[in-house]
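# A structural walkthrough
Here are the chains, one letter per residue:
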Amino acid sequence: MPTARVTTLGPLLFAAGFAFLLAVLVAGLPFGAPPMTVGEAIQGDAAGTVGAANFVTAVVLAYRGIDTLGELSILFAAAMAAGLVLGRPGERRAGAAPAGFILRAGADLLFPLLLVVGLYIILHGHLTPGGGFQGGVILAAAFVVPVLADPGRPPEHRRLAWVEGLAGAAFIATGLAALAWDHQFLAPLLGRGTLGSLVSAGTLPLLYLAVGLKVGAELTGLLVRMTEADGEAPR
Amino acid sequence: MIALAVALPLLAAFLLPLTGPLRRIVGPATLLLVAATAFSAWPRAQVEPFTVAIGGFRPPLGILFYVDGVALLFVLAVAFSCLLLWPWNEAAGSRKHALTLLLAAGCSGLALSGDLFNIYVFYELVAVASYGLAAGAGSGRAYAAAFRYLVLSSLGSLLALVGIALVYHRTGTLNLAHLGELAPTLLNDPLGLAAFLLLLLGLGVKAELFPVNAWVPEVYAGAERRVSALLAGLVSKLAVLVLVRLLVLVFPTDEARTALLLLGTLGILSGELAAYRARDLARLLSWSSIGQLGIVFVAFAVPGEAGLVAGLAVALHHLVAKPALFLLAERWGGSLESLTGAGRRSPLAGALFVLFALSLIGVPPLPGFWAKFLVLSGLAAQEGGLWWAAAAVILATTVVEASYLFRVVGRLYARDADGATAPHATGPLTGAAVLGLVLILGGASAGPLGDALGHMAAQAADRAAYLGRVLPVRTIERPGTLTLNAAPEARP
């Protein structure tokens, strides 16, 4: 059928053309020697101004803090939209087979470990690679593993909603506190501290804690909601 | 303080599920606060635009909001459009309330931000919130349309991101003013043009730009009319505003303008011709929306202040007219045939439809006439065949527009042949009536309104002033390096 052939050929041609265009453009870029215009300035400025040993965190939470707030909101919007499409919290799958002893014991053992690792990564985000987004995902894993091991366990939507809402609000409240302190919105507060120590970089660790809790609660809610939607499907 | 225009809707959206008995009023109250924030900054920005460094970091290191008349005007438009199209009839604390607030926050951010990647973040926020709202009607048709929208919009976001990556790799900065300073030496080549085209196509998805607007009719026909009104009226204008900032500050080249002119002209042609063939009112309005945004693009392609005034006029007119028409279409679903006699049964709705149709076509003394007049006079002042062709296309499609809109009006007032037409919903007309009042007032005060728009356009077109306000102290020793010659301000 000619029409079918056209519809499969079109995207292929487009993708090939786009790849060719990109290859030509990339060939013209100064590879290996990127212009570090702002990057270099931030590298010189970050330790003294922000006080975070991990410069990436200084960029993510201080210099471009409102980007991070935007990304949190995007995640929240995606969770809201998914909730709207997946519908109301359904019944737990009634006929789900209970997990065996090994799975349940393993899940119970994993839970504290994942919790500690997640919190460690969140709280050291201003010192070492890691931070709120990465640690938040590990926290989510900590809460999802027991649900997967024991599908009959009742979900805790209300508690998750509280964590989600309050963590997001805490991020903005920190920003508003800076605004009220006669600073700009989202300016780091509380002094820089000693570079490299756990209590340093002002409010940045607190912001990362808020990010981590929000990301964790959001992903947990989303995954739990999806397991429920899965159970509804056969009806 | 202006950062509140973004922060407050986000805060309200995060806390909405926890607000208990206040749920019903939190959203509208927040939008009123956003409007109040914009009003409080209004007098200062009218005298001279100012910048707000988010986090207190000096540009171009940190992100800044650039507050001028145009930005505040659009923040006000965001607040009032969202209030007018607020999902009042949904259950309190519904996810649609939160998504509308997130959309408002993203739109305010797009109006204010002066940083390329920050704009991308807000653009994504608007995009994701609008996927949810588009799918919110809950019908299979809405899901299918929303999925199509999601795929196309993701492709657009990818293109825009590639464009941003190219720009960043060439210049090493994301601040619009800093980019504007480096652009003449670093982006004035085929690579810069390619980056602009990628950004144009990427951001053009929301702005209903010609080749990337295939999602428009399906989504607008399938989603709730309130959502269609929000997307067609508000969101498309914010995407256009971002493109205009890029055009003025970073890519003020003839090639970029020609690309905008060509795509805009093609948009007018395809939109109006498709609208002529449309069989139901929602699709007709969607295609006409594509055509109107084509005019906006053509207007902004005109260099200098004249183009900005004309583009702002058409954009604002469409911002008022199209949501009203979609709200009216909420009563009149189904095919055009089923509209027979609907105007006789609800005279006010019929009269409002006629009013907006006349303004859309451009009948004096309605604002739509002045908007089209400004565009045509701007085009006439340019030399070259393409400009004249665009003017000819606008004039010719006005006839097409008149023909299909009058066909609908004729149906509305036709006598029922057999009296067996389906009864139409009779919801309140408040929203459309308010917008009608705005339109009439705008027409009555065309003179002062034109002066105000001219002042804002002059502010927005002043490239040198924007660059100077954002980066007052810096030296560029050689392209691509940045020396900060002032000591960082002491941080208490």
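Computed from a predicted structure; not experimentally measured.

Further remarks concern the overall build of chain A. Counting its regular elements, chain A contains 8 helices and 0 strands. Reading chain A from its N terminus to its C terminus gives the helix and strand order α-α-α-α-α-α-α-α. Within chain A, the proportion of its 235 residues that are buried is 41%. In the structure as shown, chain A presents an accessible area of about 12000 Å², 72% of it carried by carbon and sulfur atoms.

Secondary structure assignment for chain B yields 20 helices and 2 strands. Here the C-alpha atoms of chain B give a radius of gyration of 22 Å, agreeing with the 23 Å that 2.2 N^0.38 yields for 492 residues. Dimensions along the principal axes, computed over C-alpha positions, put chain B at roughly 80 × 60 × 45 Å. By residue count, 64% of the 492 residues in chain B fall in the buried class. Residue pairs at least 24 apart in sequence account for 78% of intrachain contacts in chain B once pairs closer than 6 positions are excluded. Taking the average location of the 31 positive side-chain charges in chain B and that of its 25 negative ones, the two points are 8 Å from each other.

This paragraph deals with the pairing of strand S2 (residues 64-67) of chain B. Residue and element names in this part refer to chain B. In S2, alternate side chains face the same way, and those of Leu64 and Tyr66 on one face and Phe65 and Val67 on the other are all buried. Sheet topology note: the strand S1 (residues 50-53)/S2 ladder contains 4 bridges and is antiparallel. Each residue of the ladder has a partner; that of valine 52, found in S2, is phenylalanine 65.

Another point: the nonpolar core. By size, the foremost hydrophobic cluster in this structure holds 232 residues, and its most contacted members are B:Leu281, B:Phe353 and B:Leu379. Among the elements that make up this core, the one with the highest residue count is helix H10 (residues 225-249) of chain B (18 residues).

In this section: the pattern of salt bridges. Residues and elements named next belong to chain B. By the definition in use, this model includes 11 salt bridges over all chains. Between arginine 170 and aspartate 189 there is a salt bridge, with its nearest N and O atoms 2.6 Å apart. With arginine 170 in helix H6 (residues 140-171) and aspartate 189 in the loop between helix H7 (176-186) and helix H8 (190-204), this pair connects stretches of sequence that are 19 residues apart. Overall, aspartate 189 belongs to the partly exposed group, its relative accessible area being 26%. A salt bridge links glutamate 401 to lysine 372, with the nearest nitrogen and oxygen atoms 2.8 Å apart. In this pair, glutamate 401 is assigned in helix H17 (residues 385-412) and lysine 372 in helix H16 (residues 367-380), connecting sequence segments 29 residues apart. For lysine 372, a relative accessible area of 10% gives the class buried.

Annotation from UniProt places "transmembrane region" (unreviewed entry) at residues 12-34, 72-89, 101-123, 129-149, 161-181 and 193-216 of chain A. Taken as a whole, residues 12-34 of chain A contains 70% helix and 0% strand, while its terminal C-alpha atoms sit 32 Å from one another.

This paragraph deals with the packing of aromatic side chains. By the definition in use, this model includes 14 aromatic pairs over all chains. Between A:Phe111 and A:Phe143 the ring centres are 5.3 Å apart and the planes differ by 85 degrees, which places this aromatic pair in the edge-to-face class. With A:Phe111 in helix H5 (residues 101-123) and A:Phe143 in helix H6 (residues 132-149), the pair connects residues that are 32 residues apart, well separated along the chain. Judged by relative accessible area, which is 29%, A:Phe111 ranks as partly exposed. Measuring from centroid to centroid gives 5.4 Å for B:Tyr131 and B:Tyr149, while their planes differ by 85 degrees, and the two rings are edge-to-face. In this pair, B:Tyr131 is assigned in helix H5 (residues 116-135) and B:Tyr149 in helix H6, connecting sequence segments 18 residues apart. A single burial state applies to B:Tyr131 and to B:Tyr149, both of which are buried. Of note, A:Lys214 hangs over the ring of B:Phe14, and the distance from its end group to the ring centre comes to 4.1 Å. Of note, B:Arg407 hangs over the ring of B:Tyr276, and the distance from its end group to the ring centre comes to 5.2 Å.

Counting residues at the interface gives 53 residues for chain A, matched by 61 residues for chain B. Summing the contributions of chain A and of chain B, the shared interface buries around 5000 Å²; its carbon and sulfur component is 76%. Its largest share of buried area at the contact with chain B, chain A owes to A:Thr37, A:Ile66 and A:Leu84, together 12% of the area lost on that side. Seen at the junction of chain A and chain B, the total is 1 salt bridge. The closest approach of N and O atoms between B:Asp115 and A:Arg64, which form a salt bridge, is 2.5 Å. Connecting chain A to chain B are 5 residue pairs in polar contact (both at pLDDT 80 or more).

This paragraph deals with the side chain of B:Thr37. Residues and elements named next belong to chain B. Secondary-structure assignment places threonine 37 in helix H2 (residues 23-47). Side-chain polar atoms of threonine 37 contact the backbone oxygen of leucine 33, separated by 2.7 Å. In this view, threonine 37 contacts Met1, Ile2, Leu4 and Ala5; residues no more than four positions away in its chain are not counted.

Residue and element names in this part refer to chain A. Looking at the secondary structure, you find histidine 126 in the loop between H5 and H6. Residue histidine 126 is classed as buried on the basis of its relative accessible area, which comes to 1%. At 3.4 Å, the side chain of histidine 126 forms a polar contact with the backbone oxygen of leucine 123. When sequence neighbours within four positions are dropped, the list of residues in contact with histidine 126 reads Ala52, Ala53, Asn54, Thr57, Ser197, Leu198, Ser200, Ala201, Pro205 and Tyr208.

Moving on to a nonpolar patch on the surface. Residues A:Phe14, B:Leu155 and B:Leu158 make up a contiguous nonpolar surface patch of roughly 260 Å² in combined accessible area. Within the secondary structure, B:Leu158 is located in helix H6.

A few words on unusual backbone geometry. Excluding glycine, a negative phi dihedral is what most residues carry, and trans is how most peptide bonds are arranged. Residue and element names in this part refer to chain B. Each neighbour pair has its own omega, and for proline 59 with proline 60 the value is 5 degrees, a cis peptide bond. Relative to the assigned elements, proline 60 resides in the loop between S1 and S2. With a phi close to 55 degrees, glutamate 208 is a non-glycine residue in the positive phi region. Inspection of the secondary structure assignment puts glutamate 208 in the loop between H8 and helix H9 (216-222).

Right, let's get into the packing of helix H4 (residues 65-86) of chain A against helix H1 (residues 4-15) of chain B. Remark: H4(A) packs on H1(B), axes separated minimally by 11 Å, with the N-to-C direction vectors making an angle of 40 degrees. Considering how the two elements wind past one another, H4(A) and H1(B) form a crossing that is left-handed. Of H1(B), the residues touching H4(A) (which contributes A:Leu69, A:Ser73 and A:Phe76) are B:Leu10, B:Ala13 and B:Phe14. Across the contact of H4(A) with H1(B), the residue classes tally to 5 nonpolar, 1 polar and no charged.

Below, the discussion takes up the environment of B:Phe210. Residues and elements named next belong to chain B. As for its placement among the helices and strands, phenylalanine 210 is situated in the loop between H8 and H9. The exposure class of phenylalanine 210 is partly exposed, given its relative accessible area of 28%. For the pair phenylalanine 210 and glycine 69, spaced 141 residues apart in sequence, the C-alpha to C-alpha distance is 29 Å. What phenylalanine 210 contacts, discounting residues up to four positions off in sequence, is Leu263, Leu266, Gly267 and Ser270.

The rules we used
- Residues numbered from 1 in each chain as written.
- Chains lettered and ligands numbered in written order.
- Predicted model: local features only at pLDDT ≥ 70, side-chain atom pairs only at ≥ 80, totals over all residues.
- Heavy atoms only, no water.
- Helix = DSSP H or I, 4+ residues; strand = E, 2+ residues; numbered from the N terminus.
- Buried < 20%, exposed > 50% of the residue type's maximum accessible area, 1.4 Å probe, protein only.
- Areas by Shrake-Rupley, 256 points an atom, 1.4 Å probe, with all protein chains shown as cover.
- Rg over C-alpha atoms; globule rule 2.2 N^0.38 Å.
- Contact = heavy atoms within 4.5 Å.
- Lys, Arg positive; Asp, Glu negative; His and termini not counted.
- Charge placed at Lys NZ, Arg CZ, Asp CG, Glu CD.
- Pairing = 2+ DSSP bridges.
- Core = buried A, V, L, I, M, F, W, Y, C linked by side-chain atoms within 4.5 Å.
- Salt bridge = Lys/Arg side-chain N within 4 Å of Asp/Glu carboxyl O.
- UniProt positions renumbered as here; feature names shortened; annotations may be inferred.
- Phe/Tyr/Trp six-rings, centres within 6.5 Å; stacked < 30°, edge-to-face > 60°.
- Lys NZ or Arg CZ within 6 Å of the ring centre and 35° of its normal.
- Buried area = accessible area lost by both parts, 1.4 Å probe.
- Polar contact = N/O pair within 3.5 Å; in protein donor to acceptor, adjacent residues only side chain to side chain.
- Patch = residues over 30% accessible without salt bridge, like charges linked within 9 Å, V, L, I, M, F, W, Y side chains within 5 Å.
- Axes fitted to C-alpha atoms, helices over the stretch in contact; angles between N-to-C directions.
- Left-handed = near helix turned anticlockwise from the far one by under 90°.
- Nonpolar A, V, L, I, M, F, W, Y, C, P; charged D, E, K, R; others polar.

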